[in-house]
Every structure is written in structure tokens, then in C-alpha cells.
Amino acid sequence: MTPGHQHIVRPGDILPGSGIRFPEPDWESSPYTGYTRAHWEAMADHLVGSAWQWASPAGAHLNLPGPASGSGVRSDGLEGFARSFLAAAFRVRGADGADPHGWLDRYAEGLRAGTAPAGSPGAEPWLTIRDHDVQGQPMVESASIALCLRLTRPWLWDRLDEDVQDAVESWLRGAITSLPAANNWYLFPYSVAGFLESVGRGDELTAAARERALHLLEQWNLGQGWYTDGDGQSIDHYIGWALHLYPVLDDHLRGESGIHGSRLEEFLQEYRHLFGADGAPLFQGRSMTYRFAAVAAVALGAVTGDTPMPPGESKRLLNATLRHFLEHGALTEHGLLSLGWHGPHPATVQRYSGPASPLWAAKAFVGLLQPDDAPLWRSVEGRRPLDDHDVAFGMSAAGWAVQATRDDGVVRIHNHGSDHLRPHQGEESGVEDPLYSRLAYSTATGPTPRGEVPDNHVGVRFRGRTSVRRRIHRIGAGGGGGWAWAASWHTPIFPQGAPAIPGLRVESWVVARGADEVRIDRIIGACFPLEVQHTGWAVQPGGHLRSTLQGLHGWHGEETLSSPAGTAFAEWCEIPALQASLSGSVTAGPAVLVSHARVTGRTADVAAGHAEGDTGSTGDADVRADADVRANADAPVGVVDLTVTPEEVSFRWAGEPALITVRFEAAEVRRYDEGEGS
């Protein structure tokens, strides 16, 4: 976390940059958060209004303050126009054309100026859409503009002069004829084509663009509602805010339903559990600066009916996530969303991100397509499963194990399936990617940045060099009934010198229950003397969370390391670590190292709300948090009857008779209740 100029939003505030008043809470309708549809509508108006402070004279570019992206200032200005347009379009469409601030008139003028010929009066030409590796970013923004025109057609597109419509179509068609990046980008020409067909301007090129995208979507389908964002194993938030959003919304606007909606409903069955009790999304993967776009799929499911979630649960999750960011300083003193997470955080940001990039958060405003009297908004906020019990299950499609604890509201995922590598990249020597390579992520901790001590990592040290985890080879994931497991193996890659040691590989297994994690590292093919290091969760010393890592078998040293660069959640972090030495004798067989990890505490700010008598005092929450940290510090290790052999590991959780057995060659984890054979 990097300190900066942050604005904490409270009900009743006059918001900086727009002058819009944020509504007072409604605890009767929303006993957990106080938020209602009016809060979403006000925030949409605010984000649009604050962005338009930075408009070019003719309004084709919104040049928000901040460092330029890798695509340059003109592209960033187009991004500001297109992404703020999303918030305006959802807001106006949801109000059946009511536009009290006159947003659509401004966007109409910007469309004229952005697509006018260079040199003509008032022209502010947008960059031409080209192949992704030449000048591709405008293709991303073309999808937003096309979707907005489709949403607001009666009040904007139909009122444009025909020559302006022709100019807009000509510019948009660049997306259909250019080469997208090999991932969700194929849905950008798909969305442009969908709009052009909806206004009678389709042809064989638009049909081909849609066919290509839908074909690739099938190739990327992992099952259980999950996709990979392009070939390989790129599993992150793009699954919800892109790979589900574009096809499901397209079907909805066509008045159709089908396989895409069914997959969204299946996706939400698991995805609903990946938010903390305070509404915080899982911090994993790229583009986390899009923040509350993480709930776009939840909102979309409520709009289309493709959801397993009751309306009150959907409303609760949407509101909690928005409130989480607004009350953690996501807005700057200008009222803009900063490049970061809670506040500015450079390590969260990718090269392609510019000052307006965070406005992709506007995708969450898709929920405004539901009017006030729709079930989503008229329902009283309901309970979530995490309110009542711990949650743990394996996600075989993603290669993850989910572990969520009721007492502190923290959700953790153990990553044994997402590495963000394309098949042609092989094992890829080089630097690690902290957003994909770590063993675990959560809703309350962030990975330490590249160059710092890596959290949740197992590394091999050989002659002064430490390995990174790149390509993840899945072994499996499963569990249920309050426990979960996942496992994978990887080739240790050394960023400098010889990239790999022949035959060396590391298997990583985790079995989780409650806040307890049994981590098993199996080192195979260590033909040279090696050191092994395993790290736990990175947390701020003295903060609301406590991280522990204890060696149970094979480890000879424990220490606490520091990361001065911190994470998106903390300015400075400590990380528990274990060390082991291997002799380098291949005849000794695989080395099996077992440890026990925990991260516990309290993240509460809106988990209870007025539903449980909260007065809104952050001081009370801090007292509860400190008490929970002290209580968890005295928690027992939680593992007994540990038995380790080269073929398997077995143990029991303290206080439970069931035996957990991890069998390496069979690639399975079994739970045997009392009286069952093993």
C-alpha cells in the first residue's frame, strides 16, 4: 500500500469532483450495509461527473490526471470517455431514459468529435483501431462504446445525424477487421458486431466476428461455469467481468437465453464464496485496479435471472463490495478512482493501465438495469453462507481449494491451477508473476511485489540463486463437508543462469479446514545439495491479521522475514518462513516436508452492520479485531497423529477422529471417519 491523497466516502458526503451528495443509509432495507440502489445511482453519477472535469474542449477525450499508460495519452483520453460512458449508460438505461445530469448529450458531442475527419471544425479524432500489437487499446474501448450505444439507443444513437452514425460505424469497424489479443479481447469485436447488427448494420464481417468469439469461448470452457482467459491456465477476475459479461449481456439485450446464462449460474455457485465477509474480493490476478468490477457477474446474474443466489444475498454482496472500496480510500481527492486497490498502489498496476483504467469498475453498474421495484433492490439484504459457518471446498475446474472462516470473515484460495502462461511458452524461465505464481491468495492479504521476499511460496536455493514457480501442472482438487485440498507440481525455474536442474520438480499439496492449512512439499530429483524455503502469509505487524507457519516434519529452521514494499493491504509486512537442507542424494528418494500455516484475525467493517446491532463506530470494530487477534494467537496447532512416509502423509485435526491421508502416487486425498479403514 502506498500512502496518497485518499477520500473516505461516508453516507451524506458531498463527493469531491462532482458535488453529488451520497445518500444517507437505509438500514431497514439494507441491515448489513445501509446501501440501496440510490447509492449505486449516485456513485455512477459521481464517477461520470468527476471524469468530465478533465474533458477536452469537444469532449472526445477525458484526460484524467496521472501517468500515461503504455498506449499513450491519446489512448488514455479515449479510455476515459469510453469507460465513464459505461456508468452513464447503465444509469440512464436503468432509469428508462431519465438523464437528470444530461450525460448523454455530452457523450453525443464526444462521439461527433472523436469520429470527425482530422482538420474539420471541432474534430478531436480518436486513434484508429489496429491489431493488438500495433495500436490495440482502442479496440478495448470500442466494445464499451458499442455496448453503451446499444443500451442507450432510443436516447442517443437514434438521435444522431446519419453522417455521424456512419462515422461512428466506420471507426467501430476497425475492431472487426483488426487482430485481437489472444484472450478475452475477441469479445470486443463480438460486442461491436452485436451493436451493429442491432441497428441494422450487420453483414458477413460482423457475423464472422461473433462466430470467432463464440468458437474460442467454447475452447476456453473449463466446465463448472469457469473459463480460462485465452489458451492455457489464465484464471482470474476476467472470467466474471469479461468472459461471462459480454455474451450473457448480449443474449439479454437480444431477448434470448441459453448456454451462456446457464454457465453464469453455475459459475456463481462457486464464485459467490470468493468474497470476504466485508465484501472484499479475492486479490488474485491482473487488473485488480478495476476493484468492484469483481461483482459485475453477481449483478448480471441478478439482472438476467441466471443466478443461484437469492436477491437479498446478491444485494448484500453488491453493496458490501462497493462500500468496502469507498470506505477504504479508493477515491482520490479529485473524486476519481486511483490506480491501486484501497488507495494508490503501483505494484497492483500493469503497463497497460492509465489514469482512466480503474473506470472499468463501472461494469458493476450493470445492476442498475434492474429498477427500484425489481427483486434485487426491493429485497432486504440477506445472509451469506459465511455468516453461519466456515466454507471449504475444492474447485476442480480452476484447480483451487477454497477456505473461508466465519470468525474473521477471511476467504483464502490455494492456487494449484492458474499460472497465466500460454502453451507455447513452455516452462518459461524468467521472473515470477506474483499475481499468479503464489501458492495462496486471500481477500485480506496481497502478494508481495516482484523483487521482495515472496509470500506463500516454495523456492529452491542452488548456488546463491532462488527458484520461482511458473508453469503449474495440476494434480487435483477436492474435498467438501468443511475441508478442502488441492495439489500441483512445478519445475523450479531460476531467473539467472541455467534455468532449470534436470529432473528436479516440486510437488505442493495443501489440506485445509477452518483456519488451518497443512502444507506438504515433496521435492523430487534433488541430485545436488539444495536449500528449500517455504513462506507463509504476508501481514502487517500489529495489524488485524496474524500469520504463522510451523514446521511439522523435515524443516530445520524458522524465521520471520520482512517486505518493506508491503502489499496492497499493508505498507510494510512480515512473512514467516521455514528452511530445509537436502543432501542431493537421488538414491534417498523424494524429500517430504510438512508444515502448518494459518492467517487469522478480523477484517470486519460491514460483516455485521445493523443486522447485528452495529452502530457504525469503527472504534468498536477495532476493539473486536484486536480481541480476535489475541484469541487466535493462543489457538492450538490443530494437527495430531502425523505420520510421514515417502509414499503418503496422514494426520488428524485436533479434536476430530477422522484420519486424513494424502497419497502421492495415487494423486488423492482421502478422509476416513472413525471406524473406516484406510
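Preceding block: the structure.
Small disclaimer: the values here were computed from a predicted structure and weren't measured.

A.B. asks: Explain the overall build of the protein chain to me, and be specific about the residues and the numbers.
C.D. replies: Looking only at helices and strands, one finds 15 helices and 23 strands in the protein chain. For the protein chain, the C-alpha radius of gyration of 25 Å lies close to 26 Å, the compact-globule estimate for 678 residues. Viewed in the frame of its principal axes, the protein chain has a C-alpha envelope of about 80 × 55 × 45 Å. Counting across all 678 residues of the protein chain, residues that qualify as buried make up 62%. Sequence-distant contacts in the protein chain: of pairs separated by 6 or more residues, those separated by 24 or more amount to 68%. Accessible surface, the protein chain as shown: approximately 23,200 Å² in total, 49% of it carbon and sulfur. Separation of charge centres in the protein chain, based on 55 positive and 82 negative side chains, amounts to 2 Å.

A.B. asks: I'd like to hear about helix α7 (residues 187-198), residue by residue, with values.
C.D. replies: For α7, built from 12 residues, the straight-helix expectation of 16 Å at 1.5 Å per residue is met to within 8% by its first-to-last C-alpha distance of 16 Å. When you tally the buried positions in α7, you get 10 out of 12 residues, the bulk of the element. Looking only at α7, the buried set comprises L187, F188, P189, Y190, S191, V192, A193, G194, F195 and L196. Where α7 is buried, its residues touch α5 (137-151), α6 (162-177), α8 (204-219) and α9 (238-254). At the C-terminal side of α7, G200 shows a positive phi close to 75 degrees.

A.B. asks: Before we move on, could you go through the environment of A68 and cite the residues and values that matter?
C.D. replies: Along the chain, A68 falls in the loop between α1 (37-51) and α2 (73-94). A68 sits in the partly exposed class, given a relative accessible area of 44%. Separated by 317 residues in the primary sequence, A68 and P385 place their C-alpha atoms 42 Å from one another.

A.B. asks: Account for the packing of aromatic side chains, naming residues and giving values.
C.D. replies: A complete count under the given rule lists 32 aromatic pairs for this structure. Ring centres of F81 and F85 lie 5.9 Å apart, and the angle between their planes is 65 degrees; on these two criteria the pair is classed as edge-to-face. With F81 and F85 both in helix α2 and four residues apart, the pair spans about one turn of that helix. Across this residue pair, the class does not change: F81 and F85 are buried. Aromatic ring contacts, followed pair by pair, group W40, F283, F292, F325, W341, F365 and F569 into a single cluster. The cationic tip of R286 hangs over the ring face of Y238; the distance from NZ or CZ to the ring centre is 4.0 Å. When the ring centre of W489 is taken as origin, the NZ or CZ atom of R505, which lies over that ring, is 4.5 Å away.

A.B. asks: Explain the side chain of S357 to me, using residue names and the numbers behind them.
C.D. replies: Note on placement: S357 falls in the loop between β4 (331-332) and α13 (375-378). You can call S357 buried: its relative accessible area is 1%. Within the local environment of S357, its side chain forms a polar contact with the side chain of E79, the two groups lying 2.8 Å apart.

What counts, and where the lines are drawn
Residues numbered from 1 in each chain as written. Predicted model: local features only at pLDDT ≥ 70, side-chain atom pairs only at ≥ 80, totals over all residues. Heavy atoms only, no water. Helix = DSSP H or I, 4+ residues; strand = E, 2+ residues; numbered from the N terminus. Rg over C-alpha atoms; globule rule 2.2 N^0.38 Å. Buried < 20%, exposed > 50% of the residue type's maximum accessible area, 1.4 Å probe, protein only. Contact = heavy atoms within 4.5 Å. Areas by Shrake-Rupley, 256 points an atom, 1.4 Å probe, with all protein chains shown as cover. Lys, Arg positive; Asp, Glu negative; His and termini not counted. Charge placed at Lys NZ, Arg CZ, Asp CG, Glu CD. Expected span 1.5 Å × (residues − 1). Phe/Tyr/Trp six-rings, centres within 6.5 Å; stacked < 30°, edge-to-face > 60°. Lys NZ or Arg CZ within 6 Å of the ring centre and 35° of its normal. Polar contact = N/O pair within 3.5 Å; in protein donor to acceptor, adjacent residues only side chain to side chain.

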